[in-house]
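Spelled out from the first residue to the last, the chains are:
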Amino acid sequence: MTILVTGGAGFIGSNFALEWVAHSDEPIVNLDKLTYAGNLQNLASIADNPQHVFVQGDFGDTALVNHLLATHQPRAILNFAAESHVDRSISGPGDFIHTNIVGTFNLLECTRAYWGGLKADTGGDAKAAFRFLHVSTDEVYGSLSKTDPAFTENNKYEPNSPYSASKAASDHLVRAYHHTYGLPVLTTNCSNNYGPFHFPEKLIPLMIVNAQAGKPLPVYGDGQQIRDWLYVKDHCSAIRRVLEAGTVGEVYNVGGWNEKPNLDIVHTVCALLDELKPRTDGKPYHEQITYVTDRPGHDRRYAIDARKIESQLGWKPAETFESGIRKTVQWYLDNPDWVANVQSGSYKDWVAQQYGAKA
Ligand code: NAD
Ligand code: DAU
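Residues numbered from 1 in each chain as written. Chains lettered and ligands numbered in written order. Predicted model: local features only at pLDDT ≥ 70, side-chain atom pairs only at ≥ 80, totals over all residues. Heavy atoms only, no water.

Visitor: Mind showing me how you'd approach unusual backbone geometry here?
Guide: With the exception of glycine, the majority of residues adopt a negative phi angle, and the majority of peptide bonds are in the trans configuration. Its identity is not glycine, yet Phe-197 carries a phi of approximately 70°, on the positive side. Mapped onto the fold, Phe-197 is located in the loop between β7 (192-194) and α7 (203-212). Owing to a relative accessible area of 14%, Phe-197 belongs among the buried residues under this scheme. Within the chain, Trp-257 stands out as a residue other than glycine whose phi angle is a positive 55°. Here Trp-257 is to be found in the loop between β10 (251-254) and β11 (259-261). (Helix = DSSP H or I, 4+ residues; strand = E, 2+ residues; numbered from the N terminus. Buried < 20%, exposed > 50% of the residue type's maximum accessible area, 1.4 Å probe, protein only.)

Put into structure tokens, the structure is as follows:
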């Protein structure tokens, strides 16, 4: 028994790999291209663990994916790999189309051939037990007004950014491979994650890092846009649960019932930093907040209705927003080297030093 994950050196994928090794004895093969967002430093604690096999490569590389499937014979594939940052998708959508749509298409094609070759009558029915789990986002559902009910799995798709449109396209492909070919797929659509190893281009880590560096804390527009926050390890436990017990062909929304306006998030981060690492001049960090031009096409509100995964699969998040954000701020304070490395790009040198040819 083995699972194969793509994008397992990124923020959520690396947390997932670490959690997987902590919760299971089953081997995990981790295919990641190591784009700017992929970081082997995230996986340092399992670098020498034989249960975790890291492979640097592109999930759009047919020969490589076919080779990995033939060699490792996974019983499940979990697709985390993506270009994930909305602002980057606005300034350069091409990579998002190529990675999120074409890359996922390639992975599905390789999976279809591999799954088709599994024998139904041997190995405890490997074909029936196989799963393809696609990790997606709540952004595919578009934007809510203040009074709209939260997104359920029945909401129609209304993606507004090149990022969310590319994720929506990949979701549709996954759905089509189930309906057309019978591929046993599962899809999760999760809200905003936060926690360790979050690249400091995203709101929460950017605010923590900029605040300490004495830089402005850029709030887009009026800061009243709402996001629904989930601690990353809770997202990982939801994915494990869906993999274990989800019904084939179904979609599961994942969220922690934590809707917050961006400005509140920034003030919370500032208050925690005031407590845990006060400014040397004694002034509050919130003085660094700076209102900047809004993101084009900025979605106003996301909110996840998580009742399906809670009631059907018995999943619940372990962290409240208050406990999760405190752990997160503390993690960044405890890991200044990680921050310095990802900011300078020198983690590539670090990786070469630590891993040599493996990287
Ligand atoms: P991330 O940008 O931190 O990591 C993405 C990873 O994918 C990186 O390690 C990168 O190197 C890898 N990758 C990119 N292109 C690749 C390719 N062609 N082949 C192999 N690997 C490749 O992203 P994340 O925040 O960890 O998100 C992971 C997944 O979860 C994405 O599919 C994203 O859409 C989804 N998601 C993210 C959030 C969130 O809040 N971050 C919420 C819901 C869903
Ligand atoms: O909802 C799930 C999505 O959450 C994931 O699918 C994406 O991969 C992930 O990046 C995230 O997208 P967002 O656009 O919501 O995340 P981001 O951290 O970029 O921004 C969160 C909110 O904060 C958003 O309303 C924009 C705002 N923002 C962001 C940055 C980086 C600011 O006001 N200032 C900033 O500097």
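Visitor: When you look at the sheet that holds β7 in this model, what are you seeing that I'm missing?
Guide: Backbone hydrogen bonds hold the strands of a sheet together, and the pairing may be parallel or antiparallel. Sheet architecture is open: 3 strands sit in the order β7-β9-β11, paired in mixed fashion. Two strands in the sheet have a free side with no partner beyond their single neighbour: β7 and β11. Within this sheet the neighbouring strands show an average axis-to-axis angle of 50°, counted without direction. The sheet contact formed by strand β9 (residues 226-231) and β11 spans 3 bridges and is antiparallel. (Pairing = 2+ DSSP bridges. Axes fitted to C-alpha atoms, helices over the stretch in contact; angles between N-to-C directions.)

Visitor: Help me out: how do you make sense of the packing of helix α1 (residues 11-23) against helix α8 (residues 232-245) in this one?
Guide: When two helices pack together, their arrangement is given by the angle between the helix axes and by the axis-to-axis distance. Look at α1 against α8: their axes get within 9 Å of each other, and the N-to-C directions meet at 65°. Pair α1 / α8 crosses with right-handed handedness. Residues Phe-11, Ile-12, Asn-15, Phe-16, Glu-19, Trp-20 and His-23 of α1 lie in contact with α8, whose contacting residues are Val-232, Lys-233, His-235, Cys-236, Ile-239, Arg-240 and Leu-243. Along the lines of polarity and charge, the residues of the contact of α1 with α8 split into 8 nonpolar, 3 polar and 3 charged. (Left-handed = near helix turned anticlockwise from the far one by under 90°. Contact = heavy atoms within 4.5 Å. Nonpolar A, V, L, I, M, F, W, Y, C, P; charged D, E, K, R; others polar.)

Visitor: Any chance you could explain the packing of aromatic side chains here in plain terms?
Guide: For any pair of aromatic rings, the description rests on two quantities: the centre-to-centre distance and the angle between the ring planes. A full pass over the atoms with the stated rule returns 17 aromatic pairs. On the numbers, 5.2 Å between centres and 45° between planes, the contact of Phe-16 with Phe-80 is tilted. One end of the pair, Phe-16, is in helix α1; the other, Phe-80, is in the loop between β4 (76-79) and α3 (86-91), and 64 residues separate them in sequence. Where Phe-96 meets Tyr-163, the ring centres are 6.3 Å apart and the plane angle is 85°; that geometry is what we call edge-to-face. Taken together, the positions of Phe-96 in helix α4 (residues 94-117) and Tyr-163 in helix α6 (residues 162-181) put the pair 67 residues apart, joining distant regions of the chain. When sorted by exposure, Phe-96 lands in the same class as Tyr-163, which is buried. An aromatic cluster is built from Tyr-141, Phe-151, Tyr-157 and Tyr-302, whose rings are joined through pairwise contacts. Arg-112 extends its terminal NZ or CZ atom over the ring of Tyr-181, reaching a point 4.0 Å from the ring centre. (Phe/Tyr/Trp six-rings, centres within 6.5 Å; stacked < 30°, edge-to-face > 60°. Lys NZ or Arg CZ within 6 Å of the ring centre and 35° of its normal.)

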